[in-house]
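Residue-level listing of the chains:
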Amino acid sequence: MAVTYQLQIGEEKRTAEVQQDEDGRVRVRLDNRWYDVEVQRINGGEVFSLIVEGESWEFTAVDTPGGFEVIIGPHVYPVAVGGMKTARKAGGAAAGADGTWTLTAPMSGVVVDVYVSQGDQVEQGAVLMVLEAMKMNNELQAQKSGTVQTVHVTKGARVDRGAPLITVA
Amino acid sequence: MFKKLLVANRGEITIRVLRACRELGIPGVAVYSEADRGALHVRYADEAYCIGPAPALESYLNIPRIIEAAQRAGADAIHPGYGFLSENAAFAAACREAGITFVGPSPEAMRLLGDKVEARRVMRGADVPIAPGTDFIEDPAEAVRAAEEIGYPVLIKAAAGGGGRGIRVVNSRQELDQALETARQEALSAFGNAGVFVEKYLDRVRHVEVQFIADRHGTVVALGERDCSVQRRHQKLVEEAPSPAVTPEIRRRLCEAAARGARAAGYENAGTMEFLLDRDGNFYFLEVNTRLQVEHPVTELVTGVDLVVDQIRVAAGEPLGYTQDDVKMVGHAIECRIVAEDPYNNFLPSVGTITFVREPAGPGIRMESALFQGMEVSVYYDSMIAKLIAWGADRDQAIRRAHRALTEFKVLGVHTNIPFHLQLLEDERFRRGDVHTKFLEQEFRLERTLPTDGIDAAFIAAAVLAAERDRRGLQLQAGTNGTAPAAGWRAAGRVAQVRGGIQYRGMGWR
C-alpha cells in the first residue's frame, strides 16, 4: 500500500511516497530517491525516534492547519502537507486553505489601535495592530505579505484569546 | 537559625529558596494564588497557603495576606525572592512589625537606596563614581542650566524609578521642557512621586553589576561582577560572570566601590550595585538592587558561594564566615533567560499549556525552572519560564555548553526565545564579547533560517505522520497559537552544520 503527498517547507518542495510492506518495513520516496525508514513513537507521547538509513533523528510533532510542525532539536520545520485525506484543523493564527492568513488574538486583551484597513497592502513583519494584555502593549505583526481582506475588530474592543482580528489575503 | 521560612513568591525562585531551606534543615512554606494551586513551588514546599485570586495585586503583592499566612504557619522568616514585594520597604517594615525576619536589607536601607537622588548622594559621599547629573530638579531653568553644563544628550530620570522605567532621553534644548513635563507626570502616575533629576546620557556602554553581601558584624564582601549588557528594552536576557570587558584592575576598583557604597548605606544581606562601564574602563553608579537578582546563579557558579544559603544565614545573625580575600572567581558562567515569547513575532508573550517539556542536563549545566508538563503559562505573571546557566573553564567553553544545552531543551505548547539565544551565542560579536546595552536593538537581527540537513528528515517525518494519520488516525497535540505559516521561512543558514550541534558563524570549531 502506498500513499503520495505534496510537501513544502518554505521554498523547498518534495513529492513524498510512503510504502509499508507486510512485515511493517517502511520506505519513503522523496522525489526520486527511496529511503529505508524506521519510526517509533516513544511511549505513545510527543517524542518520535526516526532512523533513516542509519542516521538517527529525534523529533516531536504537532498539528498545524494544513500540516505538521516537525521539531528537530531547537528547530521548528513547518511542513505543509498536500494530499492528506484527514487533515485536522487547529486553532491559532490560521493559514486558510484558500491562501489567506488570519491574525488571531494570542491572549485576551483590549485593542488599543488598528493600523490597517480593508484593502491595505501589508508586508510580512508589518505591525498591524496593538493589543493590550499582560499590562503591556503588544504589537501584532503580519505573518504574511498581502492585502488586508477583513478587519474583524475596532479600537477599544475587548477580545478573547483566539478571536479573529485581521485577515490577509 | 530560623524555625520555619516562608517564600513570598512563585515559580523558579521560590523553588530555589526552598531548596536552600531543605539543605539548611529549615521547613519551607509556599504561598500561592488561586491560579497556582497546581504549581510546582506549591508541591515542593513543606507547607502551602492560598493568599488570594490570580491577579498579583490580590495575592503575591498582598502584604496582609502574606503576613497572615506566615503567622498561621508559624514562620519566623520571610524570603521575598525577586520582583513582587522584594524591594518594597513597607513589606520589610510589616515583617518587622509582625516579629518576622525579612531576609534582605532593612526597610531604612531599602528606602534610602530606592530613592535615586538620595542613592546618588550617598554614593558620592562614599567616593563611588556617579554619572554627572543633578539632585532633584524643581525649577525647569535649573534643568536647562544642568543640561548645558553636562552636555546633550541627557537623561531625565524619575527619582523613584528603577529597572529602566521612568527614563527619558533628551537630545537637545528644544526637547527639554516637554520631556521634563512628561517625565514628571509619568513619574507621578507610575511611582506616586513626581521627583525627577538630570543625568548624563552615556552611549555604547556596558551594564556591569557587582554582587555583594554583608553581615551584621561589619563584614562586607563583593563577589565580583556580572555583565548584563545583552538587553532588550532594558530587559536583561543574557548575563555572564566575569565580564569580558573587566580587567583585574577594573574589577578591584568596582568591588571596592561597591563595598564602600554598601557600608555607607548601612546595608545588610545580599545586594547588587549596578554600574555603566564605558570603553575606557570608567564606570558610573546606576542603582542598587536591594534583593536577590534573577541572575545570581552566574555569580554562584564562578565563586562557589551559595548566595541564598548565605542570605538566610546572615539574616539569622550569623557571621558571613569569609572575607574579601577568600573570594576567587573560577571559570566563566553564562545565563540565558528562557521566556515564553515568540522571537519571530516581535517577542509577543505566548500563553498556553506546556504540553511537553524536557530540560537539558550534562556537564556544566544548571537549570532553574518550575516547568512541568501541563503547566499553564498565564497572562497574570512574568513570562520567564526557566533559566539555563552554563559553567565552563573559560568563556568559550561556557558558550559551547550553553549552546549545546539549548539544543537539548524541548518545550512544546508555548513559543520560547530559545532560537534567539542560539543565534546570539553563535554571533561573532557576542563571541568576541563586543556588545553594549543597545546591541540587541541596534545591531542584532534575528534570522529565520533552518539547517538544510534537517529538511529531508523533516519531510520524511511529515510523510510518515501523514500516512499514519490517513491509515490509523494518528493523534497529535495542536500547534501553538499564532504559529507562523511556512511561507516566511528560508531553508538556508548553517550548511555544513554538524547535526544537532553547532557551526559558529564564521568561527568554526577549534
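## Comments concerning the overall build of chain B
Logical step 1: Of regular secondary structure, chain B possesses 16 helices and 22 strands.
Logical step 2: Over its C-alpha atoms chain B spans a radius of gyration of 24 Å, differing by no more than 12% from the 24 Å that the globule rule assigns to 510 residues.
Logical step 3: Here the C-alpha coordinates of chain B stretch approximately 75 × 55 × 45 Å along the principal axes.
Logical step 4: Here the contacts in chain B between residues at least 6 apart in sequence split such that 66% fall between residues at least 24 apart.

## As for the overall build of chain A
Logical step 1: For chain A, the helix and strand inventory stands at 0 helices and 17 strands.
Logical step 2: By the compact-globule yardstick of 15 Å for 169 residues, chain A is too spread out, its C-alpha radius of gyration being 20 Å.
Logical step 3: Along the longest, intermediate and shortest principal axes, the C-alpha atoms of chain A span 60 × 30 × 25 Å.
Logical step 4: A buried classification covers 38% of the 169 residues belonging to chain A.

## Overview of the sheet that holds strand S13 (residues 283-289) of chain B
All names here are of chain B.
Logical step 1: Reading across from one edge, S13-S12-S9-S10-S11-S14-S21-S19 is the order of the 8 strands in this open sheet, with antiparallel pairing throughout. Here the strands that pair on one side only, and so sit at the sheet edges, are S13 and strand S19 (365-369). Mean inter-strand twist for the sheet, computed between neighbouring axes without regard to direction, equals 25°.
Logical step 2: As paired strands, strand S9 (residues 206-214) and strand S10 (residues 220-232) are joined by 6 bridges and run antiparallel to one another. Paired with isoleucine 213 across the strands is valine 221, a residue of S10.
Logical step 3: In the packing of helix H9 (residues 248-264) onto the sheet, contacts are made with S9, S10, strand S12 (269-277) and S13, and the angle to S10 comes to roughly 110°.

## Re the environment of threonine 272 of chain B
Residues and elements named next belong to chain B.
Logical step 1: Mapped onto the elements, threonine 272 comes out in strand S12.
Logical step 2: Taking the C-alpha atoms as reference points, threonine 272 and glutamine 211, separated by 61 residues in sequence, lie 4.6 Å from one another.
Logical step 3: For threonine 272, the contacting residues outside a window of four places in its chain are Glu209, Val210, Gln211, Val288, Asn289 and Gln293.

## A closer look at the pairing of strand S13 (residues 127-133) of chain A
Residues and elements named next belong to chain A.
Logical step 1: As paired elements, strand S11 (residues 109-114) and S13 share 4 bridges and run antiparallel to each other. Across the sheet, residue aspartate 113 finds its bridge partner in S13, namely valine 130.
Logical step 2: In this structure, S13 lies alongside strand S14 (residues 136-141), joined through 6 bridges in antiparallel fashion. Of the residues in S14, the one forming a bridge with valine 127 is glutamine 141.

## Here's the deal with the packing of helix H7 (residues 140-150) of chain B against helix H8 (residues 173-191) of chain B
Residues and elements named next belong to chain B.
Logical step 1: Relative to each other, H7 and H8 sit at 140°, their axes nearing to 10 Å. With respect to H8, the axis of H7 lies oblique. For the crossing formed where H7 meets H8, the hand is right-handed. Along the contact surface, H7 presents Pro140, Ala143, Val144 and Ala147, while H8 presents Arg173, Leu176, Asp177 and Leu180.
Logical step 2: Classifying every residue of the contact of H7 with H8 gives 6 nonpolar, no polar and 2 charged.

## Things to note about the pairing of strand S21 (residues 384-392) of chain B
All names here are of chain B.
Logical step 1: With 8 of 9 residues buried, S21 lies mostly within the body of the structure.
Logical step 2: Pairing of strand S14 (residues 332-339) with S21, which is carried by 8 bridges, proceeds in the antiparallel orientation. Among the inter-strand pairings, glutamate 335 is bridged to a residue of S21, identified as isoleucine 389.

## Remarks on the interface of chain B and chain A
Interface size is often expressed as the accessible area that is lost when the parts come together.
Logical step 1: Taken residue by residue, the interface counts 52 residues in chain B and 64 residues in chain A.
Logical step 2: Of all the secondary structure elements, the ones that give two or more residues to the side of chain B that touches chain A are strand S16 (348-349), helix H12 (395-408), strand S22 (410-412), helix H13 (418-426) and helix H16 (455-472) of chain B.
Logical step 3: With 15 residues, H16 of chain B is the largest single contributor of residues to the side of chain B that touches chain A.
Logical step 4: The class makeup of the residues in the side of chain B that touches chain A is 32 nonpolar, 15 polar and 5 charged.

## Considering the confidence of the model for chain B
Residue and element names in this part refer to chain B.
Logical step 1: Looking at chain B, the pLDDT average stands at 91 and 93% of residues meet or exceed 70.
Logical step 2: Confidence drops under pLDDT 50 across residues 481-489; counting only partners more than four residues distant or on other chains, this segment forms 36 contacts.
Logical step 3: Confidence over residues 491-501 falls short of pLDDT 50; this stretch has 22 contacts with residues more than four positions distant or in other chains.
Logical step 4: Predicted as a complex, the structure gets a pTM of 0.85 and an ipTM equal to 0.76.

## Observations regarding unusual backbone geometry
All names here are of chain B.
Logical step 1: Between tyrosine 152 and proline 153 the backbone carries a cis peptide bond, its omega angle lying at -5°.
Logical step 2: As for its placement among the helices and strands, proline 153 is situated in the loop between H7 and strand S6 (154-162).
Logical step 3: The step from alanine 241 to proline 242 runs through a cis peptide bond, and the omega angle for that step is -5°.
Logical step 4: Structurally, proline 242 is set in the loop between strand S11 (235-241) and H9.
Logical step 5: Positive phi is not limited to glycine here, since asparagine 269 has a value of about 85°.

## Section: helix H6 (residues 116-125) of chain B
Because each turn of an α-helix spans 3.6 residues, side chains separated by three or four positions end up pointing in the same direction.
Logical step 1: Among the residues of H6 of chain B, those classed as buried are Lys116, Ala119, Arg120, Val122 and Met123 of chain B. Looking down the long axis of H6 of chain B, one finds its buried residues gathered within 165° of arc, a one-sided arrangement.

## Structural notes on the packing of H12 of chain B against H13 of chain B
All names here are of chain B.
Logical step 1: Contact geometry for H12 and H13: axes closest at 10 Å, N-to-C directions at 150°. By the angle between their directions, the pair H12 and H13 is classed as roughly antiparallel. As for how H12 packs across H13, the hand of that crossing is left-handed. Of H13, the residues touching H12 (which contributes Ile399, Ala402, His403 and Leu406) are Ile418, His421, Leu422 and Leu425.
Logical step 2: Grouping the constituent residues of the contact of H12 with H13 by class yields 6 nonpolar, 2 polar and no charged.

## Topic: the environment of serine 350 of chain B
Logical step 1: Looking at the secondary structure, you find serine 350 of chain B in the loop between S16 and strand S17 (352-353).
Logical step 2: Its 24 C-beta neighbours within 10 Å are what place serine 350 of chain B among the buried residues.

## Some remarks on the nonpolar core
Logical step 1: Residues Val70 and Val79 of chain A together with Ala458, Ala461, Ala462 and Ala463 of chain B are the most contacted members of the largest nonpolar core, which totals 95 residues.
Logical step 2: Considering every element that reaches this core, the biggest residue donor is H16 of chain B, with 12 residues.
Logical step 3: Ignoring sequence-local partners within four residues, the contact set of valine 79 of chain A consists of Leu7, Ile9, Gly67, Phe68 and Val70 of chain A together with Ala458, Phe459 and Ala462 of chain B.
Logical step 4: Among the nonpolar cores identified, the runner-up in size contains 86 residues, and Ala20, Ile66, Leu223 and Ala370 of chain B belong to it.

The rules behind these values
- Residues numbered from 1 in each chain as written.
- Chains lettered and ligands numbered in written order.
- Predicted model: local features only at pLDDT ≥ 70, side-chain atom pairs only at ≥ 80, totals over all residues.
- Helix = DSSP H or I, 4+ residues; strand = E, 2+ residues; numbered from the N terminus.
- Rg over C-alpha atoms; globule rule 2.2 N^0.38 Å.
- Contact = placed C-beta atoms within 7 Å.
- Buried ≥ 20, exposed ≤ 12 C-beta atoms within 10 Å, placed from the backbone.
- Pairing = 2+ DSSP bridges.
- Axes fitted to C-alpha atoms, helices over the stretch in contact; angles between N-to-C directions.
- Parallel < 35°, antiparallel > 145°, perpendicular 65-115°, else oblique.
- Left-handed = near helix turned anticlockwise from the far one by under 90°.
- Nonpolar A, V, L, I, M, F, W, Y, C, P; charged D, E, K, R; others polar.
- pLDDT = per-residue confidence, 0-100.
- Arc of directions from axis to C-beta.
- Core = buried A, V, L, I, M, F, W, Y, C linked by C-beta atoms within 7 Å.

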